[in-house]
Amino acid sequence: MALRPYALLPRQYDERKVLASTIDPWGRALWLICPDTRFPYRWAGRDVPAPAHLPFDALVVISDRGEVRERTLRGVAVDPDAFDALPGGGFVLSGNGGPNARSGQIFGPDGRSGRRFPLGTHLKHLVADRRAGFWTGYADEGIYSEDRVSAGGLVHWDNRGNRAGALRPAAPYDHVAEVNTINVSDSDSDSTVHTMYRPGAPLVETGPSGILRIRALPVSAPFGMAIRGDRLLLLGGRERGIDTATGVDAVHHLRLTDDGAVVTGRDGLVFPNGDPVRRYALPVCRGPHLSLRTLRTLRQWWVLTVP
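Everything numeric here is computed off the predicted structure, so don't read it as measured data. (Residues numbered from 1 in each chain as written. Predicted model: local features only at pLDDT ≥ 70, side-chain atom pairs only at ≥ 80, totals over all residues. Heavy atoms only, no water.)

Enquirer: Describe the overall build of the protein chain, naming the residues involved and giving the relevant values.
Expert: The helix and strand tally for the protein chain stands at one helix and 28 strands. Computed over its C-alpha atoms, the radius of gyration of the protein chain comes to 19 Å, within 12% of the 19 Å expected for a compact globule of 307 residues. Projecting the C-alpha coordinates of the protein chain onto the three principal axes gives extents of approximately 50 × 45 × 40 Å. The buried share among the 307 residues of the protein chain stands at 54%. Intrachain contacts of the protein chain at a sequence separation of at least 6 include 48% that bridge at least 24 residues. Of the roughly 13300 Å² of accessible surface on the protein chain, a fraction of 47% belongs to carbon and sulfur atoms. For the protein chain, the distance from the average site of its 38 positive side-chain charges to the average site of its 33 negative ones is 2 Å. (Helix = DSSP H or I, 4+ residues; strand = E, 2+ residues; numbered from the N terminus. Rg over C-alpha atoms; globule rule 2.2 N^0.38 Å. Buried < 20%, exposed > 50% of the residue type's maximum accessible area, 1.4 Å probe, protein only. Contact = heavy atoms within 4.5 Å. Areas by Shrake-Rupley, 256 points an atom, 1.4 Å probe, with all protein chains shown as cover. Lys, Arg positive; Asp, Glu negative; His and termini not counted. Charge placed at Lys NZ, Arg CZ, Asp CG, Glu CD.)

In structure tokens form, the structure reads like this:
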């Protein structure tokens, strides 16, 4: 199954100064740029930038279907590793820090800092929605780190950075050890979140009003998902009954049933020229679209869509 090119950072911006990038709830590609960077280490074939000093003023480059705009965030006081756009025109940034540290920062529509707050440790996923705020998911190191926020596994926040709830599934799915993937779908009336976590392979459908449905799937530990109606696409993962390691380039097609799902097809993930995709950063998953980038560059975004 072939990726399609989605968004590209314009050449006038220095890719080496990009601290984080995402696809926001409105389908816009965002890049967070620090004007004064240092490079403390090299990973996955590229020098990883960090702010030379804190606080600093960050530049947000927004690509909206080819139209490019800029926003300035003043007084960034965290070393950002993830961010997203919020309902109402603001932004949320996640930085590094130990348990219960003030690693999150909210910015208003005017680009000024609204507040700093604990956003948890070992954060894997930060995904905003169009209506209520944003959602965070954590790795096992965070869930078991005695950090009050990370212990929630999947946490819901309003757009001012206040905790609005956490995932509380009923038995036998009540143990959340690590959140594998989050998909946020927005409609005219509400936002729906699908998440998978370990142990096991539960697919939980939830939202601001609480858990709606839990299904047991035949594929566990995927890196990303896309959903359209009763059709589900899982990227990576381990299929029950097949004795293979998790394949990062495996694409599983599933059809949802009342209490589970069945696998209807399998593909390999490839670039448009047919080359296999072997390594990538964790995808951003929104409704029927799964957006990803490779580890070597933050410039290019690709998209995979449920047929």
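Enquirer: Would you mind going over the side chain of S191 in detail, with residue names and values included?
Expert: For S191, the position within the fold is in strand β17 (residues 191–198). A polar side-chain atom of S191 sits 2.6 Å from a polar atom in the side chain of D186. If sequence neighbours within four positions are ignored, S191 has contacts with D129, R130, R131, S185, D186, T206, G207 and P208. (Polar contact = N/O pair within 3.5 Å; in protein donor to acceptor, adjacent residues only side chain to side chain.)

Enquirer: So, the pairing of strand β16 (residues 178–186): which residues are in play, and what are the values?
Expert: Counting buried positions along β16 yields eight of nine residues, so the element is predominantly enclosed. Relative to β17, β16 is paired through eight bridges, and the arrangement is antiparallel. Paired with E178 across the two strands is R198, which belongs to β17. (Pairing = 2+ DSSP bridges.)

Enquirer: How would you summarise the layout of surface pockets if you had to cite specific residues and measurements?
Expert: Estimates place the volume of the largest pocket at around 1300 Å³. What lines the largest pocket is a set of 46 residues, among which D81, A82, K124, A281 and R293 lie closest to the centre. Elements supplying a minimum of two residues to the lining of the largest pocket: β2 (18–23), β4 (37–43), β5 (46–51), β8 (80–85), β9 (91–95), β12 (123–128), β26 (284–286) and β27 (289–292). Considering only residue class, the lining of the largest pocket consists of 28 nonpolar, eleven polar and seven charged. Surrounding the second largest pocket, 19 residues form its lining, P25, G27, R130, R286 and H289 being those nearest its centre. Counting residues per element, the ones that place at least two in the lining of the second largest pocket are β1 (4–8), β16, β26 and β27. The biggest single contributor to the lining of the second largest pocket is β16, with three residues. (1 Å grid on protein atoms, 1.4 Å probe; cavity = no way out; pocket = protein on both sides within 12 Å on 5 of 7 lines; lining within 4 Å. Points joined across faces, edges and corners; volume = space filled by probe spheres on them. Nonpolar A, V, L, I, M, F, W, Y, C, P; charged D, E, K, R; others polar.)

Enquirer: Got a sec to walk through the sheet that holds strand β15 (residues 163–166)? Specific residues and values, please.
Expert: Here four strands make up an open sheet; going across it, the order is β12-β13-β14-β15 and the pairing antiparallel. Because the sheet does not close on itself, it has two edges, and the strands there are β12 and β15. With direction set aside, neighbouring strand axes in the sheet form an average angle of 20 degrees. Note: strand β14 (residues 154–158) against β15, three bridges, orientation antiparallel. Bridge pairing in β15 places H156 opposite G165. (Axes fitted to C-alpha atoms, helices over the stretch in contact; angles between N-to-C directions.)

Enquirer: Which residues make up the packing of aromatic side chains, and what are the values?
Expert: The tally for this structure, following the rule as stated, stands at five aromatic pairs. Ring geometry for F83 against F91: centres 6.5 Å apart, planes inclined by 25 degrees, an arrangement best described as stacked. Centre to centre, the rings of F117 and W157 are 5.4 Å apart; their planes meet at 55 degrees, and the pair counts as tilted. Of this pair, F117 sits in strand β11 (residues 113–117) while W157 sits in strand β14, and the two are 40 residues apart along the sequence. Each member of the pair, F117 as well as W157, carries the same accessibility label: buried. Ring pairs connect the aromatic residues F117, F134 and W157, which therefore count as one cluster. In this structure, R16 is placed above the aromatic ring of F39, and the distance from its NZ or CZ to the ring centre is 4.1 Å. (Phe/Tyr/Trp six-rings, centres within 6.5 Å; stacked < 30°, edge-to-face > 60°. Lys NZ or Arg CZ within 6 Å of the ring centre and 35° of its normal.)

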